[in-house]
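# Structural overview for review
Given next are the chains, with one letter for each unit.
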Amino acid sequence: MKAAVCYEFGKPLVVEDIELASPGKGEVKVRLAATAVCHSDIHDIKGELPGPVPFVAGHESAGYIDEVGGGVTSVKPGDPVVVSLLSSCGTCFYCVTGLPHLCEARFSRKPEVRLRNKKGQPLAQRGGVAGFAQYVLVNESQVMVVPKEMQLDRAALLACGVITGFGAVVNRAQVKPFKSVVVVGTGGVGINAIQGAAYAGAYPVIAVDVLDTKMKTAMDFGATHTVNATRDDAVDAVRKLTSGRGADYVFITVGSVAAIRQGLAMSGPRGDTVVIGLPPVKDMLSISPLELIGAEKTISGGFMGSTNLKVDIPNLVKLYQTGRLKLDEIITARYPLERINEAIASTEKGEALRNVIMF
């Protein structure tokens, strides 16, 4: 079996043989068909997020169930599935109250070593998936069956980018029709936040980015207005587009503390700034509480679109099948595993919404 493994932060990924354990109780082995390159993978590879090395990155995947461990009942060999980093125990407080993405066990579980390189050295599974590989071993709760006719490069997008952006709007913020929405950053997650805002009936839906090339794409995905932050005063432009009040919701999909501060300035009274993008772990946000108190503003986090895989994945598949959710248009290019460094470089330069590694 082959996998892309990062041995040193900032170095190119290398493709080599790895050893994968057999499925244990509650685990499934998946033969991957596709893994999309997410900006979180780039943060990992650059050492901007905490975690052990060496590791196998990749977490936005889809494939076919290859083997199942003891006690697995929800899937069987041959089933096509989305593979997500979201795992849940099904019995903790958050799971039973409808918030399995916040599962207590997921945050406290100490993962066993499931991957090793040829030297026998343990390899960490980034995101609990390690999707830059031909096979992955994950908990049963991390997979969701999709229709056999669905192409798996499209299905892979549902594992992270789509649910994170779309879900932040629909699940986390629960945006209502006619509320004003700003999306800062129109990459793979941002474009799906725009889709979510359009689906929810928001107006206006304002896309903010620094590249004119992304503006047309934002409009194609549901934005009603665009702002180039390098050419215009983005805060002033947003206020003009929201009758001088500022936006009801601002979604920050880029990993930048400066963008979070800017988002707060764009939001109006009782506006909610939802932080989705992951800044480097060492970056700290400093704001005056008075900025929040006087206008009753809020700032909140949005983790993986507050997604319940068993509910949201089937719903998103239905939206896609009926033409109400764009997935085909999100894929910029497809690469074999051997060209993964090219796919990552293209993504880092902002040239792609999603590049997909095909197996």
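Just so it is clear, the structure is predicted and the values come from calculations on it, not from any experiment. (Residues numbered from 1 in each chain as written. Predicted model: local features only at pLDDT ≥ 70, side-chain atom pairs only at ≥ 80, totals over all residues. Heavy atoms only, no water.)

Summing up its helical and strand segments, the chain has 12 helices and 18 strands in all. Expected size for 359 residues packed as a compact globule is a radius of gyration near 21 Å; at 20 Å, the chain falls within 12% of this value. In terms of its C-alpha atoms, the chain occupies a principal-axis envelope of roughly 60 × 40 × 40 Å. Counting across all 359 residues of the chain, residues that qualify as buried make up 53%. Across the chain, contacts joining residues at least 24 apart in sequence account for 70% of those joining residues at least 6 apart. By element, 53% of the accessible surface of the chain is carried by carbon and sulfur atoms, the whole surface being about 15500 Å². Mean positive and mean negative side-chain charge positions of the chain (38 and 35 charges, respectively) differ by 2 Å. (Helix = DSSP H or I, 4+ residues; strand = E, 2+ residues; numbered from the N terminus. Rg over C-alpha atoms; globule rule 2.2 N^0.38 Å. Buried < 20%, exposed > 50% of the residue type's maximum accessible area, 1.4 Å probe, protein only. Contact = heavy atoms within 4.5 Å. Areas by Shrake-Rupley, 256 points an atom, 1.4 Å probe, with all protein chains shown as cover. Lys, Arg positive; Asp, Glu negative; His and termini not counted. Charge placed at Lys NZ, Arg CZ, Asp CG, Glu CD.)

Along helix 9 (residues 257-266), the residues that are buried comprise Val 257, Ala 259, Ile 260, Gly 263, Leu 264 and Met 266. Its side-chain oxygen 3.3 Å from the backbone nitrogen of Ala 258, Ser 256 forms the N-cap of helix 9. (Polar contact = N/O pair within 3.5 Å; in protein donor to acceptor, adjacent residues only side chain to side chain.)

Take the nonpolar core next. Membership of the largest hydrophobic core comes to 68 residues, with the highest contact counts inside it found for Val 30, Leu 158 and Phe 251. Dropping the residues within four chain positions of it, Val 30 is found in contact with Gly 63, Tyr 64, Ile 65, Asp 66, Val 81, Val 83, Gln 134, Tyr 135, Val 136, Val 138 and Val 143. Residues Val 5, Ile 45, Phe 132 and Tyr 335 belong to the second largest nonpolar core, which totals 26 residues. (Core = buried A, V, L, I, M, F, W, Y, C linked by side-chain atoms within 4.5 Å.)

Each strand in a sheet pairs with another by means of backbone hydrogen bonds, the pair being arranged parallel or else antiparallel. The strand order across the open sheet built from 6 strands is 13-12-11-14-15-16, with neighbouring strands paired in parallel fashion. A strand with exactly one partner marks an edge of an open sheet, and here the two such strands are strand 13 (225-228) and strand 16 (298-301). Direction aside, neighbouring strands of the sheet carry axes that sit 20 degrees apart on average. Bridge analysis of strand 12 (residues 205-209) against strand 13 gives 4 bridges, and the strand direction is parallel. From the neighbouring strand, Val 208 faces strand 13, where its bridge partner is Val 227. (Pairing = 2+ DSSP bridges. Axes fitted to C-alpha atoms, helices over the stretch in contact; angles between N-to-C directions.)

In this section: the packing of aromatic side chains. Within a pair of aromatic rings, the relevant descriptors are the distance that separates the centres and the angle that separates the planes. The full count for this structure, using the stated rule, is 4 aromatic pairs. When the centroid spacing of 6.2 Å and the interplanar angle of 40 degrees are considered together, the rings of Phe 9 and Phe 55 count as tilted. Of this pair, Phe 9 sits in the loop between strand 1 (2-6) and strand 2 (14-20) while Phe 55 sits in strand 4 (residues 55-56), and the two are 46 residues apart along the sequence. A residue is classified by how much of its surface remains accessible, and Phe 9, at 35% relative accessible area, is partly exposed. Ring geometry for Phe 166 versus Tyr 199: centroids 5.5 Å apart, planes at 45 degrees, classification tilted. Taken together, the residues Phe 166 in helix 5 (residues 161-172) and Tyr 199 in helix 6 (residues 190-200) connect sequence positions 33 residues apart. Exposure remark for Tyr 199: the relative accessible area of 38% places this residue in the partly exposed category. Positioned over the ring face of Tyr 135 is Lys 29, at 4.8 Å from the centre of the ring. (Phe/Tyr/Trp six-rings, centres within 6.5 Å; stacked < 30°, edge-to-face > 60°. Lys NZ or Arg CZ within 6 Å of the ring centre and 35° of its normal.)

The next thing to look at is the state of the cysteines. Under the defined criterion, the tally for this structure stands at 0 disulfides. Between Cys 89, a free cysteine, and Cys 103, which holds the nearest cysteine sulfur, the sulfur-to-sulfur gap is 3.7 Å. Here Cys 89 falls in the partly exposed class, since its relative accessible area comes to 31%. (Disulfide = S-S within 2.5 Å.)

Bringing helix 11 (residues 309-321) into the picture now. In a regular helix each residue adds 1.5 Å, so 13 residues correspond to 18 Å; helix 11 covers 18 Å between its end C-alpha atoms and thus fits that length. Among the residues making up helix 11, those that are buried are Leu 309, Asp 312, Ile 313, Leu 316, Val 317, Leu 319 and Tyr 320. Buried residues of helix 11, seen end-on, are gathered within an arc of 160 degrees and therefore sit on one face of the element. One or two steps after helix 11, the chain reaches Gly 323, where phi turns positive at roughly 80 degrees. (Expected span 1.5 Å × (residues − 1). Arc of directions from axis to C-beta.)

This part is about unusual backbone geometry. Negative phi characterises most residues that are not glycine, and trans characterises most peptide bonds. Following Val 53, the chain continues to Pro 54 via a peptide bond in cis, the omega torsion being -5 degrees. Position of Pro 54 among the secondary structure elements: in the loop between helix 1 (39-45) and strand 4. Note the cis peptide between Tyr 203 and Pro 204, where omega equals -10 degrees. Its identity is not glycine, yet Ala 130 carries a phi of approximately 65 degrees, on the positive side. If you trace the backbone, Ala 130 turns up in the loop between strand 8 (122-125) and strand 9 (135-139). Of note in this structure, Phe 178 is not a glycine but carries a positive phi near 75 degrees. Within the secondary structure layout, Phe 178 lies in the loop between helix 5 and strand 11 (181-184). Under the relative-accessibility criterion, Phe 178 is labelled exposed at 70%.

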